[in-house]
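Examining the three-dimensional arrangement
Letter by letter, the chains look like this.
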Amino acid sequence: MRTFSIPYNNDMLLLDKLGEKFPDHISQCKEIYFAIPNHIAGTGRAINQGNDYEDEIVQLLKKARDKNIEGNLLINTGCLGLRIADVEFVRNIINYIYNLKESDGLEVVTVADYYLALEVKQAIPDIKLECSSIAYVDSLEKAKYWGELGCDIMVIPPVLNKNLKFIRQMREALPHVQLKLVINQTCLHDCPMWQGHHNLRGHGNEGAVYLNICQNLFKEKPWLLYSSSFIPPQYMDYYDEFIDIYKLVDRRHSTIEILQNFGAYCGDKNSSEKFDELNKIIPEKAFEKVIGCNKMCSSCGFCECAYNNNAK
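Residues numbered from 1 in each chain as written. Predicted model: local features only at pLDDT ≥ 70, side-chain atom pairs only at ≥ 80, totals over all residues. Heavy atoms only, no water.

**Quick notes on the pairing of strand 2 (residues 29-35)**
Of all seven residues that make up strand 2, six are buried, and the element is covered over most of its length. Relative to strand 2, strand 1 (residues 4-7) runs parallel, the two sharing four bridges. Across the sheet, residue Ser 5 finds its bridge partner in strand 2, namely Glu 31. Viewed along the sheet, the connection from strand 1 through helix 1 (residues 14-21) into strand 2 turns out right-handed. Looking at chain direction, strand 2 and strand 3 (residues 70-75) are connected through five bridges and run parallel. In the strand pairing of strand 3, Glu 31 is matched with Glu 70. In this fold, strand 2 hands off to helix 2 (residues 53-66), which returns the chain to strand 3; that crossover is right-handed. (Buried < 20%, exposed > 50% of the residue type's maximum accessible area, 1.4 Å probe, protein only. Helix = DSSP H or I, 4+ residues; strand = E, 2+ residues; numbered from the N terminus. Pairing = 2+ DSSP bridges. Right-handed = clockwise from strand over helix to strand, strands pointing away.)

Now the structure itself:
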């Protein structure tokens, strides 16, 4: 059975609505992920939080436990700046994780910074540690370093979503680490702005300067969607052999969007319209070509030709 990680969008009724709408599939929701309070550290999204956000997290964890869903705390900012060298800053993060784990049942913490991950795992060895996609583990050597550190869950960088050879190799290299795949995020293949985008978000800016460039490139060259990180639901069969958890994004989405995406990807029979809508984004022949090619796009032209033929 496929399992999913879903985003918490500050709607305390999200899990209730999920259970009501998908009673036959709620068991496939393995975890819900949410941000650490902004005053303690940052995450991979610049999202405002209410004054009662810390109490909100406690309530969310209780709801999740009642539904047998794990809570996943994000501390996956792309840039911690000089704060990472501040002993007090790191200690405050660890204390917050420890208290949330002991008092409220937190089970997973997602980190992008290797040093912070090391400190967290040494201080709280029984917490599940997840390596964020923002850590950009794009080689087996990097993956092994995280594995030796004590990483329990590894998120494949979206740039590698359509590199089945690498995903297979990572599965073989890290047999005791769960692999997680972000399936509905659309990012350019080999995006030149990945690092800058996440660094800017780490400083509290959503990074529109980069998003505008991405959006314009997709408009100018819509066939870039074929090689992008996006994976339509009908192609998940290609990954089931290697992937333990499928992650849906993101925390800025409305509850309706999150429910629709979960329904389409989990196989809910009443979500066929959304299922078909997502599958139309990438034709089957194009998907099969991209996951098996060498990604030398500048010397190929297949995706552009396929798009033009499909648009006729």
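Picking up after the structure, the text goes on.
**Description of the nonpolar core**
In terms of nonpolar packing, the biggest core is built from 87 residues, with Phe 34, Leu 73, Ile 97, Met 154 and Tyr 239 touching the most fellow members. In terms of nonpolar packing, the next biggest core, distinct from the first, is built from seven residues, Leu 188, Cys 191, Trp 194 and Phe 218 among them. (Core = buried A, V, L, I, M, F, W, Y, C linked by side-chain atoms within 4.5 Å.)

**Focus on the sheet that holds strand 1**
Here eight strands make up a closed barrel; going around it, the order is 1-2-3-4-5-6-7-8 and the pairing parallel. Taking the axes of each pair of neighbouring strands and ignoring which way they run, one obtains an average angle of 25° across the sheet. Helix-sheet contacts for helix 10 (residues 255-266) involve strand 1 and strand 2, and the interaxial angle to strand 1 is about 170°. (Axes fitted to C-alpha atoms, helices over the stretch in contact; angles between N-to-C directions. Contact = heavy atoms within 4.5 Å.)

**Description of the packing of aromatic side chains**
The tally for this structure, following the rule as stated, stands at nine aromatic pairs. Each ring, one from Phe 4 and one from Tyr 246, has its centre 6.0 Å from the other, and the planes form 40°; the classification is tilted. With Phe 4 in strand 1 and Tyr 246 in strand 8 (residues 245-247), the pair connects residues that are 242 residues apart, well separated along the chain. A relative accessible area of 0% means that Phe 4 is categorised as buried. The class for Tyr 246 is buried, based on a relative accessible area of 1%. Ring geometry for Phe 4 against Phe 262: centres 5.6 Å apart, planes inclined by 75°, an arrangement best described as edge-to-face. With Phe 4 in strand 1 and Phe 262 in helix 10, this residue pair connects regions lying 258 residues apart in the sequence. (Phe/Tyr/Trp six-rings, centres within 6.5 Å; stacked < 30°, edge-to-face > 60°.)

**Thoughts on the packing of helix 1 against helix 10**
Packing of helix 1 against helix 10 leaves a shortest axis separation of 11 Å and a crossing angle of 40°. Between helix 1 and helix 10, the angle falls in the class oblique. The handedness of the crossing between helix 1 and helix 10 is right-handed. For the pair helix 1 and helix 10, contact is made by Leu 14, Lys 17, Leu 18 and Lys 21 and by Thr 255, Ile 258, Leu 259 and Phe 262, respectively. Considering only residue class, the contact of helix 1 with helix 10 consists of five nonpolar, one polar and two charged. (Parallel < 35°, antiparallel > 145°, perpendicular 65-115°, else oblique. Left-handed = near helix turned anticlockwise from the far one by under 90°. Nonpolar A, V, L, I, M, F, W, Y, C, P; charged D, E, K, R; others polar.)

**Here we look at the pairing of strand 7 (residues 178-182)**
In terms of burial, strand 7 is a largely internal element, four of the five residues being buried. Note: strand 7 against strand 8, three bridges, orientation parallel. Looking at the pairing, Lys 180 lines up with Ile 245 of strand 8.

**Observations concerning the pattern of salt bridges**
For the coordinates displayed, the defined rule picks out 17 salt bridges. Measuring nitrogen to oxygen at the nearest pair gives 2.6 Å for the salt bridge that ties Arg 2 to Asp 237. Taken together, the positions of Arg 2 in the segment before strand 1 and Asp 237 in the loop between helix 9 (224-227) and strand 8 put the pair 235 residues apart, joining distant regions of the chain. (Salt bridge = Lys/Arg side-chain N within 4 Å of Asp/Glu carboxyl O.)

**As for the state of the cysteines**
Linking two cysteines covalently through their sulfur atoms gives a disulfide. As enumerated under the stated definition, the model contains zero disulfides in all. Sulfur of Cys 151: no disulfide; nearest cysteine sulfur belongs to Cys 131 and is 5.3 Å away. On the accessibility criterion, Cys 151 (5% relative accessible area) is buried. Cysteine Cys 214 remains unbridged, with the sulfur of Cys 191 as its closest cysteine sulfur at 4.4 Å. (Disulfide = S-S within 2.5 Å.)

**Topic: helix 3 (residues 87-104)**
The end-to-end C-alpha distance of helix 3, which contains 18 residues, comes to 25 Å, matching closely the 26 Å that a straight helix rising 1.5 Å per residue would cover. Listed as buried for helix 3 are Phe 89, Val 90, Ile 93, Ile 94, Tyr 96, Ile 97, Leu 100, Lys 101 and Asp 104. Projected onto a plane normal to the axis of helix 3, the buried residues spread over an arc of 155° and lie on a single side. Opposite its buried face, helix 3 presents the exposed residues Val 87 and Ser 103, each directed more than 90 degrees away. Lining the buried residues of helix 3 we find strand 2, helix 2, strand 3, strand 4 (108-111) and helix 4 (114-123). Positive backbone phi, approximately 80°, marks Gly 105, located one or two places after helix 3. (Expected span 1.5 Å × (residues − 1). Arc of directions from axis to C-beta.)

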